[in-house]
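Fold and geometry: a report
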Amino acid sequence: MSSDAVRVTSGLGPVRWSTVIRALDPRVLVPALVLCAVGLVALAADRPEAAASQARWIAVGVAACLAVIVIPYRRLLDLIYPVYALAIVALVLVVAGFGVERNFATRWLQLGPVGFQPSEVAKVAVVAALARYIRFRRDHRTFRGLLEPFLLTLLPLALIVMQPDLGTALMLPPILFVMLWAAGARSKHLLAVVLLGVAAIPLLWTFVIRDYQKARVLGFVHPAVEIVQDVRERVGLAPAAEAEPTPEEARARRLQEQQVEDRRYHVERSLAAIASGHVSGAGFRQGAANRTDYVPESWTDFIFTVHAEEWGFLGVLGLLGLEAALLLGLATVAREVKEPAARLLAVGGMTLLGTQAFVNLAMTLGVAPVTGLPLPFLSYGGTSMVSSWLVLGLALNARAHRPLVFTERDFD
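It is worth spelling out the overall build of the protein at this point. What the protein contains, in helices and strands, is 16 helices and five strands. The 412 residues of the protein split such that 49% are buried. For the protein, contacts bridging at least 24 residues in sequence account for 74% of all contacts bridging at least 6. A total of about 20200 Å² of accessible surface is found on the protein, and carbon and sulfur atoms cover 66% of it.

As structure tokens, this is what we get:
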């Protein structure tokens, strides 16, 4: 019996093993697995008790990836709207007070012994829902036709902001814009939407952004603010003295100043740990910052500092090379497939993982505000790990289950 005759049951019909094997693209899987190994090494150095748990979550993520690959993506897309609706319901439950509070934010739901972040599930659901909606349509090439894709994205985005989780919410607009652009949306229409968003920033800052989120931004721009104030004072343009604040205003101001200092303190410690790695690093479990818990949240959002201190500039170059290889692999998959939904799944996955990695690294290097985003495949966290592997599963599924294509042009 040939290998093509060997079948595995997916629950939605038989699938050939050869199809599954074809999906296992080493250009994507090898960088992802090596990144997971790098993360495990960093966890073993910083939080040895968390490394075993992370290894189990990696196994669960790989299994979820394979499970997604087994089912043809067109059947998955037929189910995505109910999954998207369940993700919205989960986000509503969190906002409605049924979530679990951790680190002063309510972003988790607890199902028995397992807790998960609905926002991580929502990111994957948005990628698949947009691919399903856009695949055979042309109206997104008009300004009016952008409304439905934007609604699919803005609904979970608003609920995630209300948790509050501004960092995860900010991942959704890049996914939307890149997928629309890849599908042929006009650049001038997308630019007009961006300009409208920029014009709305003052309203968002006043009525939507929480105080601690403002503190993160202020902590990031605080040195520049001090420079501007100093220049204004020197040229005689200092503002008039303000009225004496009320006790409540004074307490709020002191709290905001403390939050600003806390964020600056966090980033300064991150930069110090990274710089201490020099060229070749301190070595495994030899970093002073790692051994003394110098950097807060070093096993989650700031896992990059552990890697940088222990393996130095050369280790950082290797990590960046792995990230680039993973994104290049996903870009290659997107280029090789012609069917619209298949390409959009790969493009959406590449954008999600690439944007999240870029923001996390920029945050730890002090060139972006602290947002609390994990580094995909490295940071400790079960939901983040599984969702990252699900994204890869969707992209690889699109490569494996290729339909017949009767046009040479994309999205026709």
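Turning our attention to the side chain of T305. In this structure, T305 sits in helix 14 (residues 303–336). A polar contact of 2.7 Å, which involves the side chain of T305, links it to the backbone oxygen of F302. In this view, T305 contacts S270, A273, I274, V295 and S298; residues no more than four positions away in its chain are not counted.

Here we come to the environment of L40. Structurally, L40 is set in helix 2 (residues 26–46). Judged by its relative accessible area of 24%, L40 falls in the partly exposed class. The spatial distance from the C-alpha of L40 to the C-alpha of L378 is 7.2 Å, given a sequence separation of 338 residues. Beyond its immediate chain neighbours, meaning those up to four positions away, L40 contacts A51, Q54, A55 and I58.

One pass over the full model with this rule turns up six salt bridges. Ionic pairing is found between K123 and E120, a salt bridge with its closest N-O pair at 3.0 Å. Within this pair, K123 and its partner E120 are both found in helix 5 (residues 118–134), separated by three residues, close to a single helical turn. Side by side, K123 and E120 carry an identical accessibility label, which is buried. E148 is the salt-bridge partner of R144, the closest N and O atoms lying 3.3 Å from each other. A relative accessible area of 55% means that R144 is categorised as exposed. Shared partners join several salt bridges into a network, and the residues in it are D25, R27 and E336.

By the definition in use, this model includes two aromatic pairs. Judged by centre distance (5.6 Å) and plane angle (85°), the ring pair of F150 and F177 falls under edge-to-face. Separated by 27 residues along the polypeptide, F150 in helix 6 (residues 147–161) and F177 in helix 8 (residues 172–182) bring together distant segments of the chain. The same class applies to F150 as to F177, namely buried. Both rings, one in F377 and one in W389, keep their centres 5.5 Å apart while their planes meet at 80°; by these two values the pair is edge-to-face. Separated by twelve residues along the polypeptide, F377 in the loop between helix 15 (340–364) and helix 16 (382–400) and W389 in helix 16 bring together distant segments of the chain. Both residues of the pair, F377 and W389, count as buried.

The biggest cluster of nonpolar side chains holds 91 residues, and the ones touching the most others in it are F377, W389 and L392. Membership of the second largest hydrophobic core comes to seven residues, among which are V267, A289, V295 and M363.

Along the chain, S187 turns up in helix 9 (residues 187–199). Spatially, the C-alpha atoms of S187 and R141 are 9.3 Å apart, while their sequence positions differ by 46 residues.

What follows deals with the side chain of N360. With respect to the helices and strands, the residue N360 is situated in helix 15. For N360, a relative accessible area of 0% translates into the label buried. Once residues within four sequence positions are removed from consideration, N360 is found in contact with D301, L373, P374 and L375.

Even without glycine at this site, D293 takes up a positive phi of about 55°. Counting through the fold element by element, D293 comes out in the loop between helix 13 (288–291) and helix 14. Residue D293 is classed as partly exposed on the basis of its relative accessible area, which comes to 44%. For F377, which is not glycine, the phi dihedral falls at a positive 75°. When its relative accessible area of 2% is taken as the criterion, F377 is described as buried.

What counts, and where the lines are drawn
Residues numbered from 1 in each chain as written. Predicted model: local features only at pLDDT ≥ 70, side-chain atom pairs only at ≥ 80, totals over all residues. Heavy atoms only, no water. Helix = DSSP H or I, 4+ residues; strand = E, 2+ residues; numbered from the N terminus. Buried < 20%, exposed > 50% of the residue type's maximum accessible area, 1.4 Å probe, protein only. Contact = heavy atoms within 4.5 Å. Areas by Shrake-Rupley, 256 points an atom, 1.4 Å probe, with all protein chains shown as cover. Polar contact = N/O pair within 3.5 Å; in protein donor to acceptor, adjacent residues only side chain to side chain. Salt bridge = Lys/Arg side-chain N within 4 Å of Asp/Glu carboxyl O. Phe/Tyr/Trp six-rings, centres within 6.5 Å; stacked < 30°, edge-to-face > 60°. Core = buried A, V, L, I, M, F, W, Y, C linked by side-chain atoms within 4.5 Å.

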